[in-house]
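Single-letter residue listing:
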Amino acid sequence: MKAAYVFGPRDVRVVEVPKPAIQRPDDVVVKVKACGVCPFDLRIYLGLFKGKYPIPVGHEVAGIVEEVGKDVTHVSPGDVVILDAMIRCGVCRYCRRGLDNLCERKGPLPNGFAEYIRIPSRYVYKASKTIDFIELALCEPLACCVNAVEKAGELLPGDIVHIIGAGPIGLMFLKLFKFMGLRTIVSEVLEHRIRAAERCGADLVLNPKADNVEKEILGFTQGYGVDVTVLTATTKETFSLALRTTAKAGTVLLFAARYPSITVELDPNIVHFKELKIIGVEGRTTKQFYKAFRLITTRAVVLRDIVSHVLRLDEIKEAFETALAREGLKVVVTP
Ligand SMILES: [Zn+2]
Ligand SMILES: [Zn+2]
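Residues numbered from 1 in each chain as written. Chains lettered and ligands numbered in written order. Predicted model: local features only at pLDDT ≥ 70, side-chain atom pairs only at ≥ 80, totals over all residues. Heavy atoms only, no water.

### Examining the overall build of the protein chain
Now for step 1: Helix and strand content of the protein chain: eleven helices and 16 strands.
Now for step 2: Over its C-alpha trace the protein chain gives a radius of gyration of 20 Å, about what one expects of a compact globule, namely 20 Å for 335 residues.
Now for step 3: Counting only residues that meet the buried cut, the protein chain has 51% of its 335 residues in that class.
Now for step 4: Pairs at least 24 residues apart make up 69% of the contacts formed inside the protein chain by residues separated by at least 6 positions. (Helix = DSSP H or I, 4+ residues; strand = E, 2+ residues; numbered from the N terminus. Rg over C-alpha atoms; globule rule 2.2 N^0.38 Å. Buried < 20%, exposed > 50% of the residue type's maximum accessible area, 1.4 Å probe, protein only. Contact = heavy atoms within 4.5 Å.)

### Regarding the pairing of strand β2 (residues 11-16)
Now for step 1: Of the strand pairs in this sheet, strand β1 (residues 2-8) and β2 are connected by six bridges, and their pairing is antiparallel. In the strand pairing of β2, Ala3 is matched with Val15. (Pairing = 2+ DSSP bridges.)

### Some points on the sheet that holds strand β4 (residues 55-56)
Now for step 1: Taken in spatial order, the three strands of this open sheet run β2-β1-β4, and their pairing is antiparallel. The open sheet has two edge strands, β2 and β4, and neither has a second partner.
Now for step 2: Here helix α11 (residues 316-325) sits on the sheet and contacts β1 and β2; the angle it forms with β2, its principal contact strand, is near 150 degrees. (Axes fitted to C-alpha atoms, helices over the stretch in contact; angles between N-to-C directions.)

### A short note on the domain arrangement of the protein chain
Now for step 1: Split into domains, the protein chain comes out as domain 1 (2-138 + 303-334) and domain 2 (144-280).
Now for step 2: A C-alpha centroid distance of 29 Å is found between domain 1 and domain 2.
Now for step 3: Taken residue by residue, the interface counts twelve residues in domain 1 and 13 residues in domain 2.
Now for step 4: Approximately 1200 Å² of surface area, both sides summed, lies buried where domain 1 meets domain 2, with 62% of it carried by carbon and sulfur atoms. (Domains from an automatic or database assignment. Buried area = accessible area lost by both parts, 1.4 Å probe.)

### Some words on the coordination of the zinc ion (ligand 1)
Now for step 1: At the metal site, the zinc ion (ligand 1) is ligated by Cys38 (SG), His59 (NE2), Glu60 (OE) and Glu140 (OE), and these contacts range over 2.2 to 2.5 Å.
Now for step 2: For the zinc ion (ligand 1), the four donor atoms are set out with angles of 88 to 165 degrees between them, so the coordination reads as irregular.
Now for step 3: The sequence motif formed by the donor residues of the zinc ion (ligand 1) is C-x20-H-E-x79-E. Taken together, the positions of His59 in the loop between β4 and β5 (60-68) and Glu140 in helix α4 (residues 139-151) put the pair 81 residues apart, joining distant regions of the chain.
Now for step 4: For His59, a relative accessible area of 10% puts it in the buried group.
Now for step 5: Note on Glu140: relative accessible area 5%, which makes it buried. (Donors = N, O, S within 2.8 Å, 3.2 Å for Na, K, Ca; no water. Tetrahedral: all angles 85-135°; square planar, octahedral: opposite > 155°, others 65-115°.)

### Let's talk about the nonpolar core
Now for step 1: In terms of nonpolar packing, the biggest core is built from 56 residues, with Leu136, Leu142, Leu171, Phe173 and Phe177 touching the most fellow members.
Now for step 2: Looking at this core element by element, the count peaks at eight residues for α4.
Now for step 3: Two domains each provide a minimum of three residues to this core, namely domain 1 (2-138 + 303-334) and domain 2 (144-280).
Now for step 4: Excluding residues that lie within four positions of it along the chain, Leu142 makes contacts with Met172, Leu176, Ala292, Leu295, Ile296, Val301 and Leu303. (Core = buried A, V, L, I, M, F, W, Y, C linked by side-chain atoms within 4.5 Å.)

### What to know about the pattern of salt bridges
Side-chain pairing between opposite charges can occur once the charged atoms of the two side chains come close.
Now for step 1: By the definition in use, this model includes 19 salt bridges.
Now for step 2: Across the salt bridge formed by Lys2 and Asp314, the nearest N and O atoms sit 3.2 Å from each other. You can see Lys2 sitting in strand β1 and its partner Asp314 sitting in the loop between β15 (307-312) and α11, a full 312 residues away along the chain. (Salt bridge = Lys/Arg side-chain N within 4 Å of Asp/Glu carboxyl O.)

### As for the coordination of the zinc ion (ligand 2)
Ideal coordination angles are 109.5 degrees for a metal with four donors arranged tetrahedrally and 90 or 180 degrees for a metal with six donors arranged octahedrally.
Now for step 1: The protein atoms that coordinate the zinc ion (ligand 2) are Cys89 (SG), Cys92 (SG), Cys95 (SG) and Cys103 (SG), at distances spanning 2.3 to 2.4 Å.
Now for step 2: Around the zinc ion (ligand 2), the four donor atoms sit at angles spanning 103 to 119 degrees, and that spread fits a shape best called tetrahedral.
Now for step 3: The exposure class assigned to Cys92 is buried, which follows from its relative accessible area of 4%.

### Some details on α11
Now for step 1: Among the residues making up α11, those that are buried are Ile316, Ala319, Phe320, Thr322 and Ala323. The buried residues of α11 all sit within an arc of 160 degrees when viewed along its axis, so they share a single face.
Now for step 2: The elements touched by buried residues of α11 are β1, β2, α1 (39-45), β15 and β16 (330-334). (Arc of directions from axis to C-beta.)

### Digging into the packing of α4 against helix α10 (residues 286-297)
Now for step 1: Following both chains from N to C, one finds α4 and α10 inclined at 115 degrees, their axes separated by 8 Å at the closest point. When the axes of α4 and α10 are compared, the pair comes out roughly perpendicular. Here α4 runs over α10; the crossing is right-handed. For the pair formed by α4 and α10, the contact residues are Cys139, Glu140, Leu142, Ala143, Val146, Asn147 and Glu150 on the first element and Gln288, Phe289, Lys291, Ala292, Phe293, Leu295 and Ile296 on the second. (Parallel < 35°, antiparallel > 145°, perpendicular 65-115°, else oblique. Left-handed = near helix turned anticlockwise from the far one by under 90°.)

### Points about the sheet that holds strand β14 (residues 277-280)
Now for step 1: With parallel pairing, the six strands of this open sheet are ordered in space as β11-β10-β9-β12-β13-β14. This sheet does not close on itself; its edge strands, each paired only once, are β11 (204-206) and β14. In this sheet, neighbouring strand axes are inclined to one another by 15 degrees on average, regardless of whether the strands run parallel or antiparallel.
Now for step 2: Summarising the sheet, strand β9 (residues 160-164) and strand β12 (residues 226-231) pair through four bridges and their orientation is parallel. The residue of β12 that forms the bridge with Ile164 is Leu231.
Now for step 3: With respect to the sheet, helix α8 (residues 236-245) is in contact with β9, β12, β13 (246-254) and β14, its orientation differing from that of β13 by roughly 155 degrees.

Structural data, given as structure tokens:
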């Protein structure tokens, strides 16, 4: 079968490898129908991930069950499924306390950009046949957004969130917060993403290149600032803006990793007097994945319109370059 690996910086190729077979009684082999391109894949592609080449890529997977081991009972061949493709040990100090997103002994990287993938059955979620595979594949990034939202603590209807960056993740946050009854401000500099945020129903869309974002936010929030700021793009400027424009007792969520990493300025007095919470968000737990699964499969959150490009597995390099260029929104690969 065909599978994509990164062989070196900016060198991703589709190669012929043996089709995975059932090895353990608990295994499921899935025919991949869609796999989203994630910033994590791009990190590997750009050579910023420490690993031995060739490195497998692709973890946002939806597909059809091809074959199951003899102990598998909850799915059978032909079922439409979503994969939570991050293997966790289940027994380390983080897994034990329910924070399996921080597992100390994660399994090998999955290879979702392939025709088939093998995975233990507990990571396989049976989905409805009525939803597009392309949309089902977005469960994993949505689960990461769920992780962030949970960390924002108690939110009341009508509370206001500021989402910095209207890329695929920013737009997912927008849809999620709208579903929760929050009011939304999005700031973004790219014109097509500004339009996407408007299309997705943001209450206020600001362009830092043209608008005084701080003034606009304080105006929109009657001087209080927002209850939550989500940084999907962290810079010195956006971090500082978040500290100034988040209300007392509000939360600043650091969603996106930065490569290379940066140093930001922090006046502890601001955090102290405003009782700000500054919280990191990394991946998603098993339960958060399940929540995202429910949001997608019940159509509570509909994500199809944030996918701008669907490319074939053979076009994997173009898919990665398209995502890097940020000319569109989410890029999804279908074998
Ligand atoms: Zn991802
Ligand atoms: Zn673990």
